[in-house]
Structure formats: C-alpha cells, structure tokens
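Close look at the chain arrangement
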Amino acid sequence: MGKVLVGNHIRKLRFNHNEMTQQQLADKVGVTRQTIVALEKGNYSPSLELAFRIAHAFSLTLEEVFFYGENSKER
Amino acid sequence: MTYQEKKSIVSLISSILIFAAYSLYRYPQRPEGALDSKEMFHYWGSFVLVLTLVSIAAHIVISIIFNIVFRMTTGEKEPTFADELDKRIDLLAFRNSFAVFVIGFLLAMGSLVIDQPSKVMFIVLIVSGFLSDVTGSLSRLYHYRRGV
C-alpha cells in the first residue's frame, strides 16, 4: 500500500480549539469519528471537499491544516 | 477500537459461526445414491437458498444485538450514515470479495471440466461464497485499522 503523502495538523488544531473532541469535529464536517481517527493517524487522505470542510471548521486555509510531503506524520 | 472495527470483527465471527453451524446441520442430510440424481440437485439448491436466507436473517439479528450492546457498553450512538471513508472501504472490500468468488466460480466450473461429480462443483461454489464473505469482512477490518 502506498504511503499517504498528505499530512495534517488536525490533532493539534483540535486542542487549540477548546479541546474539541474527535466526535465534535466529525459532526461539524459530516463524517464519522472513525474518519477523523484515520486522518489523524495519517492512514487516509481526505477528498478535496472534506479537506475544505475541515479547514473551514477551524476557520483556516487548506495549507494551514494540510501539507504534502514525504513525511506525512504531523510535524 | 472504533464502531466500524468492532462491527467488522462481529461480522467476521458471525459469518464463520453461521456457515459452520448450518453446514454441520445440513451436510449430514445429503441424499445417498446416484451422484447426479434429481434429488441431489434439489438438495444442493435448497442448501444454497436456505443458507442465503438464514445468513441474511442471522446477520440482521446479530447487527441489532451488536448495536444495542455497543450503546450500552460505550454510551455512544452508532453512526447512522456511511461517509467517504466507509464507501471507499466498502468498494475495496467488495472488490476483494468479488475476486475470491470469481476464482471459486472458475474452480467450480473447472471441476466439471475434469469430470468431477456435480457435488464437488456445488461444494466449491458454496465454500467460495463463504470465503468471499470472510474476505469482505477481513478487508474491511484491515482497511479500517491500517488505512486506505
């Protein structure tokens, strides 16, 4: 299986937003908690639409939430 | 472990138990005598049909019980919709499951080509149906745990 090259700062951002839970973020962007878990672990690259919805949930731009590179684990 | 991972495990275990229990109950009832008699075709036809119905009914009941137990033990509500990750994993699981069944189907046809009794063809078809179901559940579990 190819390594996921799209990383994200979702875990850090959740804690910076009043310690938002995975379930709260999932409800906000319309996915299940499993999907947020997979995203945070770097096991799944979201669709462009979901990536935008997550960025909007944190009132940030796409680049501030997601990054692309060899090392997709959270920096 | 999340709801989807637990559900995949429950589905896997229930598939194995249902198939094993049903086969142990029905297989000894197979007709003796002519290998390709009308009676034998009737037996294998009913074996497959009843197994399909029993399996669907049992999966529904087990799924309801699982949801109740999940709510009671975790205090969480189960997801009521499938999101993009669920749909993608479903597609991957279906692809693997379908591949296993097609291989089984070809083996079943191959058994007829090499002049095996039709009983062998039915057994290979039924086992491949079971293995494809197991493959689907295992694929779901794998992708929910390891990602896509």
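Owing to the predicted nature of the structure, the values given are computational and were not obtained by experimental measurement.

If you tally the helices and strands in chain B, you get 4 helices and 0 strands. Counted from the first residue to the last, chain B has its helices and strands arranged as α-α-α-α. Overall, chain B is about 55 × 30 × 20 Å in size when its C-alpha atoms are taken along their principal axes. The 148 residues of chain B split such that 19% are buried. When contacts within chain B are restricted to residue pairs at least 6 apart in sequence, those whose partners lie at least 24 apart make up 77%.

Our next topic: unusual backbone geometry. Residues and elements named next belong to chain A. If you check the backbone angles, Asn18 has positive phi at about 55 degrees while not being a glycine. Along the chain, Asn18 falls in the loop between α1 (10-16) and α2 (22-29). What makes Asn18 exposed here is the crowd of 8 C-beta atoms within 10 Å. For Ser59, which is not a glycine, the phi torsion comes out positive at approximately 55 degrees. Checked against the element boundaries, Ser59 lands in the loop between α4 (48-57) and α5 (62-65). For Ser59, a count of 8 C-beta atoms within 10 Å corresponds to the exposed category.

Further remarks concern the interface of chain A and chain B. Contacts between the two partners involve 12 residues from chain A and, on the opposite side, 12 residues from chain B. For the side of chain A that touches chain B, the leading source of residues is helix α3 (residues 33-40) of chain A, giving 5 residues.

Moving on to the nonpolar core. If you look at the biggest cluster of nonpolar residues, it comprises 18 residues, and the most contacted ones within it are Leu25(A), Ala26(A), Val29(A), Ile36(A), Leu39(A) and Ile54(A). Elements with a contribution of two residues or more to this core: α2, α3 and α4 of chain A together with α3 (84-113) and α4 (118-146) of chain B. In contact with Ala26(A), not counting residues within four places along its chain, are Val31(A), Thr32(A), Arg33(A), Thr35(A) and Ile36(A).

Cut-off values and rules
- Position labels on residues start from 1 in each chain and follow its written sequence.
- Written order determines the labels here, with chains lettered from A and ligands numbered from 1.
- Where totals are concerned, whole chains, interfaces and linings use all residues; where local detail is concerned, this predicted model gives features only for residues with pLDDT of at least 70, and gives and counts side-chain atom pairs only at 80 or more.
- By definition, any uninterrupted DSSP run of H or I lasting at least four residues is a helix, any uninterrupted run of E lasting at least two residues is a strand, and each is numbered from the N terminus.
- Counting other C-beta atoms within 10 Å of its own, a residue is labelled buried from 20 upward, exposed at 12 or fewer, and partly exposed in the gap between, with every C-beta atom placed from the backbone.
- With C-beta atoms placed from the backbone, a contact is any residue pair whose C-beta atoms sit within 7 Å.
- The term nonpolar core means buried Ala, Val, Leu, Ile, Met, Phe, Trp, Tyr and Cys residues held together as one set by C-beta atoms within 7 Å.

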